[in-house]
Amino acid sequence: AAPSAAPPAGGVLGDRAAFDYVDEDGVADELQCSLCREPFVEPVMHTACLNTFCAGCLRRVQRCPLCRAELAADSVRRAPLALQNLLDRLQVSCK
């Protein structure tokens, strides 16, 4: 299938099995989750250290893997819109 813009967050993006990134090796480290090492899916920010992770990855741990602070509902926020805009520019191909 021909490359297209990344699907919007909350839609097909949550189902990583539905697509491949066209140039996954070329994705900047700043756009990759330090837990799954993939481009962020539904990025969220831990407010204690300002590190960003995939929402699904962070739900599987009880402490921030980088700063070790306990994760609480009020310490996790949606990542800045600018980050989501950069992720939306990544090219994908549907499987």
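Residues numbered from 1 in each chain as written. Predicted model: local features only at pLDDT ≥ 70, side-chain atom pairs only at ≥ 80, totals over all residues. Heavy atoms only, no water.

Colleague: Any chance you could explain the nonpolar core here in plain terms?
Modeller: Soluble globular proteins: nonpolar side chains tend toward being buried together. In terms of nonpolar packing, the biggest core is built from 20 residues, with L31, C33, F40, C54, L83, L87 and L90 touching the most fellow members. At the level of secondary structure, the elements contributing two or more residues to this core comprise β2 (19-21), β4 (52-54), α1 (55-59) and α2 (81-88). At 3 residues, the largest contribution of residues to this core is made by α1. The contact partners of F40, leaving out residues within four places of it in the chain, are Y21, E30, L31, Q32, C33, T52, F53, C54, L83 and L87. (Core = buried A, V, L, I, M, F, W, Y, C linked by side-chain atoms within 4.5 Å. Buried < 20%, exposed > 50% of the residue type's maximum accessible area, 1.4 Å probe, protein only. Helix = DSSP H or I, 4+ residues; strand = E, 2+ residues; numbered from the N terminus. Contact = heavy atoms within 4.5 Å.)

Colleague: I keep staring at the pattern of salt bridges and nothing clicks. Help me out?
Modeller: A pair can form between side chains of opposite charge whenever their charged atoms are brought close. For the structure shown, the criterion picks out 1 salt bridge. Residue K95 pairs with D20 through a salt bridge whose shortest N-O separation is 3.5 Å. On the criterion of sequence distance, the pair formed by K95 in the segment after β6 (91-94) and D20 in strand β2 is long-range, its members being 75 residues apart. For D20, a relative accessible area of 34% puts it in the partly exposed group. (Salt bridge = Lys/Arg side-chain N within 4 Å of Asp/Glu carboxyl O.)

Colleague: For this particular structure, what's the right way to read the sheet that holds strand β5 (residues 76-78)?
Modeller: Picture the strands of a sheet paired through backbone hydrogen bonds; they go either parallel or antiparallel. Ordered by their spatial adjacency, 3 strands build an open sheet running β4-β3-β5, and the pairing between neighbours is antiparallel. Each edge of the sheet is formed by a strand with only one pairing partner; in this case those strands are β4 and β5. Within this sheet the neighbouring strands show an average axis-to-axis angle of 40°, counted without direction. When strand β3 (residues 43-46) meets β4, the two strands line up antiparallel, connected through 3 bridges. Each bridged residue has a counterpart across the sheet, and for M45 the counterpart in β4 is T52. (Pairing = 2+ DSSP bridges. Axes fitted to C-alpha atoms, helices over the stretch in contact; angles between N-to-C directions.)

Colleague: Can you help me understand unusual backbone geometry in this one?
Modeller: When glycine is set aside, most residues are seen to have a negative phi, and most peptide bonds are trans. Here R37, not a glycine, exhibits a phi torsion of approximately 60°, which is positive. Here R37 is to be found in the loop between β2 and β3. Take R37: its relative accessible area is 56%, and that puts it in the exposed class. Backbone geometry places R68, a non-glycine residue, at a positive phi of 70°.

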